[in-house]
Amino acid sequence: GLVVEDSTFISHTNNAVKLIADNVGGVIENVVFRCCKFVGDRMAVELQNHGKLTPPAEGVPDDWYKINGVEFEDCTFESDGYALSLSGYGKNARCYNCTFTGTKKGVEVVGFVDVVLQSCQLTGKQAFISSNERPNKVALRLCRLKGGVRFENCTDSGMAWCIAEASPYVEIKH
């Protein structure tokens, strides 16, 4: 239930914001960042969960997802590495009208499910990359992408109404 508005986060040596749930005993949910700026060296923002709830939290249907419901609206992300990384077991991430600029990757979705980026601008050597071994439902809608675009093992995912200046490529693998 955390809401952060009109704030700036800067790190010259690491991530500007890290939300790491690997060792959290419950579920981090319903976090909203609105009109914020993130400037990081390694990553602007990293959301990560590679741990499992033991025992499962009461009322949580799937005990792997310890990050549920993170939203970014009208935010900017800048990094010498990755602008935004969503890694491990998380779900229901939303980005609306955001700008992502990373020299390596604009946005990386590796493991998170039910992710929507809408009306966003993504730039990087790889503007967007998503890979997973389970259905992950990643949607890019009305986005502008400048840089490589890669979907790998992304069941139920896709792009709609986007403009992609894909250099060097748009890559879709099984």
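Residues numbered from 1 in each chain as written. Predicted model: local features only at pLDDT ≥ 70, side-chain atom pairs only at ≥ 80, totals over all residues. Heavy atoms only, no water.

## Structural notes on the packing of aromatic side chains
Spelled out, the test is: Between the rings of Phe, Tyr and Trp (Trp by its six-membered ring), a pair exists once the centres lie within 6.5 Å; its type follows the angle of the planes, with under 30 degrees stacked, over 60 edge-to-face, and the other angles tilted. Secondary structure elements are defined from DSSP: runs of H or I of at least 4 residues count as helices, runs of E of at least 2 residues count as strands, and each element is numbered from the N terminus.
For the structure shown, the criterion picks out 10 aromatic pairs. When the centroid spacing of 5.4 Å and the interplanar angle of 10° are considered together, the rings of Phe 9 and Phe 38 count as stacked. Pair noted here: Phe 9 is in strand E2 (residues 8-10) and Phe 38 is in strand E5 (residues 37-40), with a separation of 29 residues, a long-range link. Between Tyr 65 and Tyr 89, the aromatic rings sit 5.8 Å apart at their centres with planes inclined by 70°, giving edge-to-face as the arrangement. Linking Tyr 65 in the loop between strand E6 (43-49) and strand E7 (67-73) with Tyr 89 in the loop between strand E9 (82-88) and strand E10 (90-96), this pair joins segments that are 24 residues apart in sequence.

## Looking at the side chain of Ser 130
Definition in use: By the convention used here, residues are in contact when the closest approach between their heavy atoms is within 4.5 Å.
Structurally, the position occupied by Ser 130 is in strand E14 (residues 121-131). Other than its neighbours up to four places away in sequence, Ser 130 contacts Val 109, Asn 136, Val 138, Arg 150, Phe 151, Glu 152 and Cys 154.

## Structural notes on the side chain of Gln 48
With respect to the helices, strands and loops of the structure, Gln 48 is situated in strand E6. Beyond its immediate sequence surroundings of up to four residues, Gln 48 is in contact with Leu 19, Ile 20, Ala 21, Asp 22, Ile 67 and Ser 87.

## Comments concerning the state of the cysteines
Put simply, the rule reads: Cysteine sulfur atoms that come within 2.5 Å of each other are treated as a disulfide pair.
In this structure the tally under the stated criterion is zero disulfides. Left unpaired, Cys 162 is separated from the closest cysteine sulfur, that of Cys 143, by 4.7 Å.

## Remarks on the pairing of E6
What counts here: Throughout this description, buried means an accessible area under 20% of the type-specific maximum (1.4 Å probe, protein chains only), exposed means over 50%, and partly exposed covers the range between. Strand pairing is assigned whenever DSSP detects at least two bridges linking the two strands.
Buried residues dominate E6, accounting for seven of its seven residues. Two strands pair when backbone bridges link them, and strand E3 (residues 17-20) and E6 are joined in this way by four bridges, in the parallel orientation. Each residue of the ladder has a partner; that of Lys 18, found in E6, is Glu 46. Of the strand pairs in this sheet, E6 and E9 are connected by six bridges, and their pairing is parallel. Pairing of Leu 47 across the sheet is with Leu 86, part of E9.

## Section: the nonpolar core
Defined as follows: Nonpolar cores are built from buried Ala, Val, Leu, Ile, Met, Phe, Trp, Tyr and Cys residues. Side-chain atoms within 4.5 Å join them into one set.
By size, the foremost hydrophobic cluster in this structure holds 40 residues, and its most contacted members are Phe 38, Phe 72, Phe 77, Phe 100, Leu 117, Leu 122 and Phe 128. Sequence-distant contacts of Phe 128, defined by excluding residues within four places in its chain, comprise Val 107, Val 109, Leu 122, Val 138, Leu 140, Leu 145, Gly 148, Val 149, Arg 150 and Phe 151.

## Some thoughts on the environment of Val 4
Here Val 4 lies in strand E1 (residues 3-5). C-alpha separation for the pair Val 4 and Val 31, spaced 27 residues apart in sequence, amounts to 8.1 Å.

## Concerning the pattern of salt bridges
Our working definition: Salt bridge, as used here: a side-chain nitrogen of Lys or Arg that lies within 4 Å of a carboxyl oxygen of Asp or Glu.
According to the stated counting rule, one finds six salt bridges in the structure shown. With a closest N to O distance of 4.0 Å, Lys 37 and Glu 78 form a salt bridge. Of this pair, Lys 37 sits in strand E5 while Glu 78 is found in strand E8 (residues 76-79), placing the two residues 41 residues apart along the sequence. Take Lys 37: its relative accessible area is 34%, and that puts it in the partly exposed class. Owing to a relative accessible area of 34%, Glu 78 belongs among the partly exposed residues under this scheme. Two residues, Glu 152 and Arg 150, come together in a salt bridge whose shortest N-O distance is 2.1 Å.

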